[in-house]
Amino acid sequence: MPDFDLIIRGGTVIDGSRAPRFDADVGILGGRITALGDLSAASADSVLDASGLIVAPGFIDCHTHDDQALLSQPDMSFKVSQGVTTVIAGNCGISLSPLKPDTPLPAPLNLLEAHERARFATLGEYFDALRRKPPAVNMAALVGHTTLRVRTMGTLDRPAQAAEIEAMRSLLAQAMDEGALGLSTGTFYPPAMHASTEEIIAVGQAMMGCGGLYVTHMRDEGDHVITALDETFRIGRELDVPVLVSHHKLKNRANFGRSAQTLPHIRRAMQCQCVSLDCYPYDAGSTMIHTDRAMLDGRVLIASSQPHPECAGRDLTDIAAEWGISREDAARRLQPGSAIYFLMDEADVQAILAFDETMIGSDGIPVGEMPHPRLWGTFPRVLGHYSRELGLFPLETAVWKMTGLTARNFGLNDRGRVAVGAAADLVLFDAALVIDQADYAHPTRPAAGIHSVLVNGVPTWQAGRHLGARSGQVITRGPAGAGRTLHAA
Ligand code: ZN
Ligand code: CU
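Residues numbered from 1 in each chain as written. Chains lettered and ligands numbered in written order. Predicted model: local features only at pLDDT ≥ 70, side-chain atom pairs only at ≥ 80, totals over all residues. Heavy atoms only, no water.

Brief notes about the environment of Ala339
Examined against the element boundaries, Ala339 turns out to sit in strand E15 (residues 337–342). With relative accessibility at 0%, the residue Ala339 sits in the buried group. Taking the C-alpha atoms as reference points, Ala339 and Ser304, separated by 35 residues in sequence, lie 6.7 Å from one another. Those residues in contact with Ala339, other than ones at most four positions away along the chain, are Gly285, Ser286, Thr287, Met288, Ile289, Val300, Leu301, Ile302 and Ala303. (Helix = DSSP H or I, 4+ residues; strand = E, 2+ residues; numbered from the N terminus. Buried < 20%, exposed > 50% of the residue type's maximum accessible area, 1.4 Å probe, protein only. Contact = heavy atoms within 4.5 Å.)

Following this line, the structure appears as structure tokens:
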């Protein structure tokens, strides 16, 4: 019998810990890395030649809206083509469970349902569906507070009452038992903006003492961003849970440059509580179609529109001119759908990406023909554009921000590193060539320079092609829960 199922020979390992790269062969047996070093004397069923390539842990996309796509697009090509082997679903307050089968879903929750109607009464049922029909990547899940509200409240434009809070808390407790990583909120969005801080704390009590994580698309990422950060920190302190600030950004021209204020503010909080953050490497965001002025401040591209699918990929200004109406009215007519908003300053994006504790998350929305290019390009863009071309940080740091750091913050103990005993989630890429090729005009072009991707030891993507493997696993919260590293100093 051969020593290994597979040996990756002759590559340079960047192990996900931020340590300098080293040359080593990687031996894989039973979906795990079982040896690392000179394996020239060992035998294997198959051999992958990695000479001239980097061998890194598969990337963990810590901020996704892939809940539905994991079931309806199980090849997950938009992720594996980038080297992503694990996704965290249920961000921004929106998750596919727990929901009743018949409730109409308000925006932005309806973004999850664009392909087909699949919703689940419990997280356990959702996980069972994924185990029956596994996708090509691993997944772990957060429970959305907006989803809990839709599940328990008749009307959403008010704070929840005591009985509703109690119902949400017990639904969250059940989901935590079933393996959720934590609770996400999207208090920026209409269905959750009426929730008070107290409501979130009361619901979040279901996470106390069980290693849950509080993840938030904050109430405000513009003028009142410091207040929103302080609310986030307070929720973390009162629940004694780690907090994660999702897709940290500064919106609108008046707030350009304010990362110089928010990042030191976050660092100060990190000295007394567990705080983490993520970022996508673009100066445009994407979400549901909004009609308010602040969101329509800059250039707006329509990504998808249910009533007007023909408008996907077009500039809102051009559509409004053609229809002879205002941009606000045009946006209203295009709802429901999603759009791309150019609302950020590139210097802030770079400062946030370069902040040492920032993880990489795509926030991609896998809907329609013209999505934001982050869906296909995020990880290679950080490696190729921000690390290699701009020199924002070394390649080892770039890899750490999408592997080891993320695994630590979410408590994904055997993922995110190339080490003996870890799951064999691996990506082989060419450090000189890796780059995103998706842009706003061609948003679904796969990245260049990604040589091979293995999920739980199974080759899944190779030489620009999906191999058809679907070896992803459902990852439930481990006994230790989310990472609780404090960042003194
Ligand atoms: Zn969000
Ligand atoms: Cu999001």
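Moving on from the coordinates now.
Re the pattern of salt bridges
Considering all chains together, one arrives at 24 salt bridges under this definition. A salt bridge links Asp66 to Lys79; the nearest nitrogen and oxygen atoms lie 2.6 Å apart. You can see Asp66 sitting in the loop between strand E6 (59–61) and helix H1 (69–72) and its partner Lys79 sitting in helix H2 (residues 77–80), a full 13 residues away along the chain. As far as the burial class goes, Asp66 and Lys79 line up, both buried. The salt bridge involving Arg169 is made with Glu166; its shortest N-O contact spans 2.3 Å. Linking Arg169 with Glu166, this pair stays in helix H5 (residues 162–177), spanning 3 residues, or about one helical turn. For Glu166, a relative accessible area of 40% corresponds to the partly exposed category. One continuous salt-bridge network, built from bridges that share partners, spans Arg32, Asp414, Arg415 and Asp425. (Salt bridge = Lys/Arg side-chain N within 4 Å of Asp/Glu carboxyl O.)

Considering the coordination of the copper ion (ligand 2)
Those donors, His63 (NE2), His65 (NE2), Cys92 (SG) and Asp363 (OD), are the protein atoms that reach the copper ion (ligand 2), and they lie 2.1 to 2.3 Å from it. Between the 4 donor atoms coordinating the copper ion (ligand 2), the angles at the centre fall across 83 to 165°, so the site counts as irregular. One chain supplies every donor to the copper ion (ligand 2), and in sequence these donors are spaced H-x1-H-x26-C-x270-D. Distance-wise, the zinc ion (ligand 1) is placed 3.0 Å from the copper ion (ligand 2), both being coordinated by Cys92. Within this pair, whereas His63 is found in the loop between E6 and H1, its partner Asp363 is found in the loop between strand E16 (358–360) and helix H13 (374–389), the two being separated by 300 residues in sequence. The burial state of His63 is the same as that of Asp363; both residues are buried. (Donors = N, O, S within 2.8 Å, 3.2 Å for Na, K, Ca; no water. Tetrahedral: all angles 85-135°; square planar, octahedral: opposite > 155°, others 65-115°.)

Overview of the domain arrangement of the protein
Each assigned domain of the protein is listed here: domain 1 (4–56 + 421–438 + 446–467), domain 2 (57–295 + 338–410) and domain 3 (296–337). Measuring from the centre of the C-alpha atoms in domain 1 to the corresponding centre in domain 2 gives 29 Å. With 31 residues of domain 1 at the contact, the number on the domain 2 side is 35 residues. Here domain 1 meets domain 2 over a buried area of about 2,500 Å², counting both sides, of which 66% is carbon and sulfur. Three residues stand out in domain 1 for area buried against domain 2, namely Arg18, Asp436 and His466, and they jointly supply 23% of the buried area on that side. Summed over the shared surface of domain 1 and domain 2, the result is 2 salt bridges. (Domains from an automatic or database assignment. Buried area = accessible area lost by both parts, 1.4 Å probe.)

A word on the sheet that holds strand E13 (residues 284–288)
With antiparallel pairing, the 3 strands of this open sheet are ordered in space as E13-E15-E14. With partners counted over all chains shown, the strands left at the sheet margins are E13 and strand E14 (300–305), one partner each. Put simply, the sheet's adjacent strands are angled 20° from each other on average, direction ignored. Sheet topology note: the E13/E15 ladder contains 5 bridges and is antiparallel. Its bridge partner lying in E15, Gly285 is registered against Tyr341. (Pairing = 2+ DSSP bridges. Axes fitted to C-alpha atoms, helices over the stretch in contact; angles between N-to-C directions.)

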